[in-house]
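Per-entry structural report
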Amino acid sequence: MNRLIKRYKMQYHFNEIEAKWQKYWAENQTFKASNTSEKPKYYVLDMFPYPSGAGLHVGHPLGYIASDIYARYKRHKGFNVLHPQGYDSFGLPAEQYAIQTGQHPAVTTETNIKTYRRQLDQIGFSFDWSREVRTSSPEYYKWTQWIFIQLFESWYNNESNKAEEISSLIAVFASEGNANVNAVCDDNIEVFTAEAWNNFSQKEQEEILLKYRLTYLAETEVNWCPALGTVLANDEIVNGVSERGGHPVLRKKMTQWSMRISAYAERLLQGLDTIDWTDSLKESQRNWIGKSVGASVTFNVLDNNENKSHAELVEAPQQIEVFTTRPDTIFGVSFMTLAPEHELVSQITTPEQKAEVDAYILATAKRSERDRMADVKTISGAFTGAYAEHPFSKEPIPIWIGDYVLAGYGTGAVMSVPCGDQRDYDFAKHFNIAIPNIFEGVDISEEAYAAKDNVKIANSDFLNGMNYKKASKRAIYDLEQLGQGEGKTNYRLRDAVFSRQRYWGEPFPVYYVNGMPQMIDKAHLPITLPEVEKYLPTETGEPPLGRADVWAWDTVNNKVVSNVNLSAVEGEDNGIYPLELNTMPGWAGSSWYFFSYMEEKAKRGEDFASEDALNYWENVDLYIGGSEHATGHLLYSRFWTKFLKDRAFVGVDEPFKKLINQGMILGTSAFIYRVSDFICTSKTEGQIIKVNFLNSLIYISSSVLDNQEVAKNLFIKEVNKSNRDDDFKTVVSNINDFDISINVSAIHVKVQYVNASDELDIESLKSDAEFGADYKDAEFLLENGVYKVGREVEKMSKSKYNVVSPDAICEQYGADSLRLYEMFLGPLEQAKPWNTAGITGVHGFLKKLWKLYVGENGLNVTDVAATKDNLKTLHKTIKKVEEDIENFSFNTSVSTFMIAVNELTAQKCTSKEVLEPLLALVSPYAPHIAEELYSQLGNEGSIATVAFPKFDASHLVESSKNYPISFNGKMRFTIELPMDLSKDEIEKAVMSNEKTIAQLEGRTPKKVIVVPGKIVNIVG
RNA sequence: GCUCAAGUGGCGGAAUUGGUAGACGCGUCGGAUUCAAAAUCCGAUUCUUCGGAGUGCGGGUUCGAUUCCCGCCUUGAGUACCA
């Protein structure tokens, strides 16, 4: 009995060990970061999770485990590490749940966060929870609101190339007007003098300033999603439908807050060169920013328009401005195309063409964005009857409209060069417009020639004989001389719409006086979300906040008050005004949270973080998260960081120095196969008889799906049983003349009912609370007593019943096994399938590791000196693991640990001198077992900050080498030779070896290649 | 269409200043232990007509190519009438 107890005590009880050390870390605040330290700083950040109701599945922690290993490694390496975690807790699912159930989103969010915290804690992350942030907590979103106000109070000065306080702009307006202001602003700005400015009413001044502010209110065409009742940003739309839910999206004009991110387009592009991100991610951002260099060209519309008075024409000749990336092809222009929505269309269209043009515009307007996108092949358009004048040749150019020109890009008009652009070419062919060729020696009879290199310009007056580069430069120069164009750079990046018609988001710190937005003073923040009785839009189509009763701003008492007191209601100005009804989008809170972590929670009151904290932590050294945020979160965060830097609120220009995208973990779905029908094919006559068994409840093992014998037996049995008519009986009686194949339908089953060998646990399936009844009367056709399921790799999702929860894994194998296994699956950045069966490998490793230290009779570790082999194993492991961590190749270090433990076990190593440093190597990966063994070795405190072992190359020096001997590059055998032999000595030794002589069979080699320390290759 | 990434055993994957292809683990097979099972331990496991062949396919460079070059194919991700 005693022996049994002793034995139990000596075994690896991961549940007890893990609970013990998680408690220890929490009680001792082992991972609490300090803002002052002698050590160098290192900031490791995960993309914080949205706490969904479903909880975590094994795919979610992958990135957290990787970052945790790195954070723990850096602590061993002597860094002061900040490794925080929090929640991106505003968002759609909680709101939709609220709409369905009436449950307040704050309540569900709180519940979900508790689940997440429990799940995260059980995995043993070294997070500093004392710095937690939640985007939905008022203490946090107070500062999101504050940043919004700072954006409102800023404009972008192109001269200084940064954002400046709006007061500097007002000062310029008051002293010299706006003629010399070079700002990023709306494009419909009128020039005014200082005198005019000073005479404007306050409202007029506010209207003008709004056109300069970095966040501004404007009527814009937005992506309206009726099903969700809100607008969406461009990055929230995938393939023309909403990313969430897949609902249709329409274009609609609405007054919305926008962020002038376009001001930062060039800096966002340039900044990519200064950060360590993957090429593919940088490429995504470059594409999204979409810089194109070219020229803007102005075409004068020829006066054949009777709609216009003479006076109008003299005063302002109608002009069409276009953007082109190919000014070198200007002599190839044979027509112009305007977007159907272009504002000039109605003015220039001739009476004869009016009917056709109007019909076309109507037809285009009816087509949704998605139709237009789906159908890019059909060429359509209409002639306006008007002509423009070519700036150089002065020839008349017909003006068309066509929906292949987008109103939203460039100027919504193009100069069409059919010989150089395929779309222009197709359009010209379709409408029989001339296609002049301006390329030397190029055949354009079949298609346009779009390449710009290796071709010379022809038929182009002063551009003849030039290449693309030279001709472009010259064309721009001549256009400038004419005053009809200039070099120009265009960006695809649009300003970002910042209003959402939702409840569960940050309220704007904004109220309206006379329709003009006013910011609430910092001292009165946060403006907290009001209570509403329902989370839906109002009956009049206003956002959910329109339902709030207490949602007006009292400018006298500086607080939110009941709507009944509104000035408008009273009919006189009592200083109480309506508050903004929209809320901020999901990306608001996530665009600056990494700065919040830098400050200790208690000190986040006066500023969002103290200057000392911001200067100490600077920016995130390592950021790990999914690649789905490439053009959303990651771009907006860079934008806000650059803005905050311009205004000197932070000290860095880029938020994330190094970024790694972890790959998705895919699920391995399991299928059972229900027999639906049999196909009987006569071998002699080729006759095919199909027998339907739709109502059958027979499930056939995947291992016998193609087995003829099984199919025949099943067929006979079913025909006899079901009293089928004679045709089938004929088949039965001549069964050997037929091939029988079975058609099945594959049905997902829960993966937890399938074991490592793909065998289904039928009893458990039948007693499943949800689906058991479906299988109560089912017959399972087995092979050798087992039912084998089919397998397929799919995205892990509830509907595919392939979700694996970390809870069950931690329970059965422990957190250390989960951590090791997630890393062992494959390279961090790669997508890879999850297969729970494989975890026994790493779990077995941990047991072996344990046994290396703790035997049946207690601790195995002694003070005996390490052998040469022991030291060799240790140091080879140190070297490899260190390299692996630095390269984020975590999967290979798990293999390295396995090899080390296998070797040390075989060596019967008990030496503390080797086994103690090994624990520090394992500690980042499997921290619980490392802590426990470290303490069993008699150490006090945590292993977390123990120095990472130092590699000593002298232990790896070899005295001999097992040379691979190749013949014509193909390795045939090896010969053990001393390391210190010269080239000639090696060759002599190899050539006189009997295996070499046998392999050569008397031939004389042409050549012998000897690479000392590597290989010998014999040619001939 | 364009951009990027990737194709290696039954499976996840390892190996690149070019130098023993398949480390490590899963699965499978065989054995030990056990009344039996679980657990544990040991061995085998790319294919092969036993000559060899082999890292998606076809070429090339090289003494030698999974690794470098050219051309293709396939898969995945992103993006799309962007002038």
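1. Describing the overall build of chain A
Of regular secondary structure, chain A possesses 34 helices and 38 strands. Principal-axis analysis of the C-alpha atoms gives chain A an extent of 110 × 85 × 85 Å. A buried classification covers 52% of the 1020 residues belonging to chain A. Accessible surface, chain A: about 47000 Å² in total, of which carbon and sulfur atoms supply 49%. Looking at charge distribution, chain A has the averaged site of its 106 positive side-chain charges lying 8 Å from that of its 138 negative ones.

2. Describing the packing of aromatic side chains
For the coordinates displayed, the defined rule picks out 72 aromatic pairs. Between F335 and F427, the ring centres sit 5.5 Å apart and the planes meet at 20 degrees, which makes this aromatic pair stacked. With F335 in strand β13 (residues 335-338) and F427 in helix α16 (residues 422-430), the pair connects residues that are 92 residues apart, well separated along the chain. Both residues of the pair, F335 and F427, count as buried. Members of the aromatic cluster, connected to one another through ring pairs, are Y42, Y70, Y73, F79, F888, F890, F897, Y925 and F948. The ring of W129 carries the charged tip of R117 above its face, separated from the ring centre by 4.0 Å. The ring centre of Y216 lies 3.9 Å from the NZ or CZ of R260, which sits over that ring.

3. Regarding the side chain of D884
With respect to the secondary-structure elements, D884 resides in helix α29 (residues 868-886). For D884, a relative accessible area of 4% puts it in the buried group. Contact partners of D884, with chain neighbours within four places excluded, come to S889, T892, S893 and T896.

4. Concerning the protein's contact with RNA strand B
Neighbouring RNA strand B are 49 residues; T325, Y409, R423, L825 and M898 lie closest to it. Sugar plus phosphate: this is where 62% of the atoms of RNA strand B within 4 Å of the protein reside. In the environment of RNA strand B, a phosphate oxygen lies 3.2 Å from a nitrogen or oxygen atom belonging to the side chain of K847. Broken down by element, the residue count for the surface near RNA strand B peaks at six residues, all from helix α30 (residues 890-906).

5. A closer look at the domain arrangement of chain A
Once the domains are mapped, chain A shows domain 1 (37-137 + 586-661), domain 2 (291-491), domain 3 (665-803), domain 4 (819-953) and domain 5 (958-1019). Averaged C-alpha coordinates put domain 1 and domain 3 at centres separated by 49 Å.

6. Here's the deal with the confidence of the model for chain A
In the predicted model, chain A carries a mean pLDDT of 87, and the fraction of residues at 70 or more is 95%. Predicted confidence is poor over residues 309-314, with pLDDT under 50, and the contacts of this stretch with residues over four places away or in other chains come to two contacts.

7. A word on helix α7 (residues 166-176)
If you check which residues of α7 are buried, you get I166, L169 and F173. The buried residues of α7 occupy an angular sector of 60 degrees when projected down its axis, which confines them to one face. Lining the buried residues of α7 we find β3 (154-157), β4 (162-165), α8 (194-199) and α9 (202-210). G177 lies just past α7 and shows a positive phi near 75 degrees.

8. Concerning the environment of Q29
Mapped onto the elements, Q29 comes out in the loop between α2 (14-28) and β1 (41-46). Residue classification places Q29 among the partly exposed positions, given a relative accessible area of 45%. For the pair Q29 and V842, spaced 813 residues apart in the sequence, the C-alpha separation amounts to 29 Å.

9. A few points about the sheet that holds strand β22 (residues 559-561)
Taken together, the three strands give an open sheet; going across it, the order is β22-β21-β23, and neighbouring strands pair in antiparallel fashion. The sheet is open, and its two edges are formed by β22 and β23 (576-578), each paired on a single side. Between one strand axis and the next, the sheet turns by 40 degrees as a mean value, whatever way the strands run. Pairing between strand β21 (residues 552-554) and β22: three bridges, direction antiparallel.

10. Focus on the sheet that holds β1
Working definition: the strands of a sheet are paired by backbone hydrogen bonds and lie parallel or antiparallel to each other. The strand order across the open sheet built from four strands is β2-β1-β24-β25, with neighbouring strands paired in parallel fashion. Two strands in the sheet have a free side with no partner beyond their single neighbour: β2 (80-82) and β25 (656-661). The average angle at which neighbouring strand axes cross in this sheet is 20 degrees, direction not considered. Two elements, β1 and β2, share three bridges in a ladder whose sense is parallel. Across the sheet, Y43 pairs through a bridge with L82, a residue of β2. Strand contacts of helix α3 (residues 61-76): β1, β2 and β24 (620-625), with the helix running at about 170 degrees to β1, the strand carrying the most contacts.

11. Some points on unusual backbone geometry
One can expect most non-glycine residues to show negative phi and most peptide bonds to be in trans. Residue P526 is bonded to the preceding L525 through a cis peptide linkage, with omega at -5 degrees. As for its placement among the helices and strands, P526 is situated in the loop between β20 (516-519) and β21. Positive phi, normally seen in glycine, also occurs at N161, with a value near 55 degrees. Inspection of the secondary structure puts N161 in the loop between β3 and β4. Judged by relative accessible area, which is 41%, N161 ranks as partly exposed.

12. Quick word on the packing of helix α6 (residues 138-152) against helix α22 (residues 633-646)
At a minimum axis distance of 11 Å, the contact between α6 and α22 shows a crossing angle of 65 degrees. Judged by the angle between their axes, α6 and α22 are roughly perpendicular. In this structure, α6 crosses over α22, and the sense of that crossing is left-handed. On the side of α6, the interface is formed by T144, I147, Q150 and L151, while α22 contributes F639, W640, F643 and L644. Among the residues forming the contact of α6 with α22, the class breakdown is six nonpolar, two polar and no charged.

13. Overview of a nonpolar patch on the surface
A cluster of nonpolar side chains, contributed by I1009, V1011 and I1015, occupies part of the molecular surface with about 190 Å² of accessible area. For I1009, the location among the structural elements is in strand β37 (residues 1007-1011). For I1009, a relative accessible area of 34% gives the class partly exposed.

14. Side note on the pattern of salt bridges
Any two side chains of opposite charge can pair, so long as their charged atoms come close to each other. One pass over the full model with this rule turns up 40 salt bridges. Where R260 meets D186, a salt bridge forms, and the shortest distance between an N and an O atom there is 3.0 Å. Highlighted residues: R260 in the loop between β10 (250-259) and α10 (265-271) and D186 in the loop between β5 (183-184) and α8, separated in sequence by 74 residues. For R260, a relative accessible area of 2% gives the class buried. For the salt bridge of K658 with D276, the shortest nitrogen-to-oxygen distance reads 3.1 Å.

15. A look at the pairing of β10
Here strand β6 (residues 215-225) runs beside β10; their pairing, made up of 10 bridges, is antiparallel. The partner of E219 across the bridge, within β10, is T255. Here β10 pairs with strand β18 (residues 496-497) via two bridges, running antiparallel. Within β18, the residue paired with M259 across the bridge is A496.

16. Considerations on the packing of helix α27 (residues 815-824) against helix α32 (residues 927-936)
As a packed pair, α27 and α32 sit with axes 7 Å apart at the nearest point and diverge in direction by 130 degrees. Classed by the angle they form, the pair α27 and α32 counts as oblique. Residues A815, D816 and R819 of α27 form the contact with α32, whose own contacting residues are P927, H928 and I929. Partitioning the contact of α27 with α32 into residue classes produces three nonpolar, one polar and two charged.

Definitions and cut-offs
- Residues numbered from 1 in each chain as written.
- Chains lettered and ligands numbered in written order.
- Predicted model: local features only at pLDDT ≥ 70, side-chain atom pairs only at ≥ 80, totals over all residues.
- Heavy atoms only, no water.
- Helix = DSSP H or I, 4+ residues; strand = E, 2+ residues; numbered from the N terminus.
- Buried < 20%, exposed > 50% of the residue type's maximum accessible area, 1.4 Å probe, protein only.
- Areas by Shrake-Rupley, 256 points an atom, 1.4 Å probe, with all protein chains shown as cover.
- Lys, Arg positive; Asp, Glu negative; His and termini not counted.
- Charge placed at Lys NZ, Arg CZ, Asp CG, Glu CD.
- Phe/Tyr/Trp six-rings, centres within 6.5 Å; stacked < 30°, edge-to-face > 60°.
- Lys NZ or Arg CZ within 6 Å of the ring centre and 35° of its normal.
- Contact = heavy atoms within 4.5 Å.
- Near = heavy atom within 4 Å.
- Polar contact = N/O pair within 3.5 Å; in protein donor to acceptor, adjacent residues only side chain to side chain.
- Domains from an automatic or database assignment.
- pLDDT = per-residue confidence, 0-100.
- Arc of directions from axis to C-beta.
- Pairing = 2+ DSSP bridges.
- Axes fitted to C-alpha atoms, helices over the stretch in contact; angles between N-to-C directions.
- Parallel < 35°, antiparallel > 145°, perpendicular 65-115°, else oblique.
- Left-handed = near helix turned anticlockwise from the far one by under 90°.
- Nonpolar A, V, L, I, M, F, W, Y, C, P; charged D, E, K, R; others polar.
- Patch = residues over 30% accessible without salt bridge, like charges linked within 9 Å, V, L, I, M, F, W, Y side chains within 5 Å.
- Salt bridge = Lys/Arg side-chain N within 4 Å of Asp/Glu carboxyl O.

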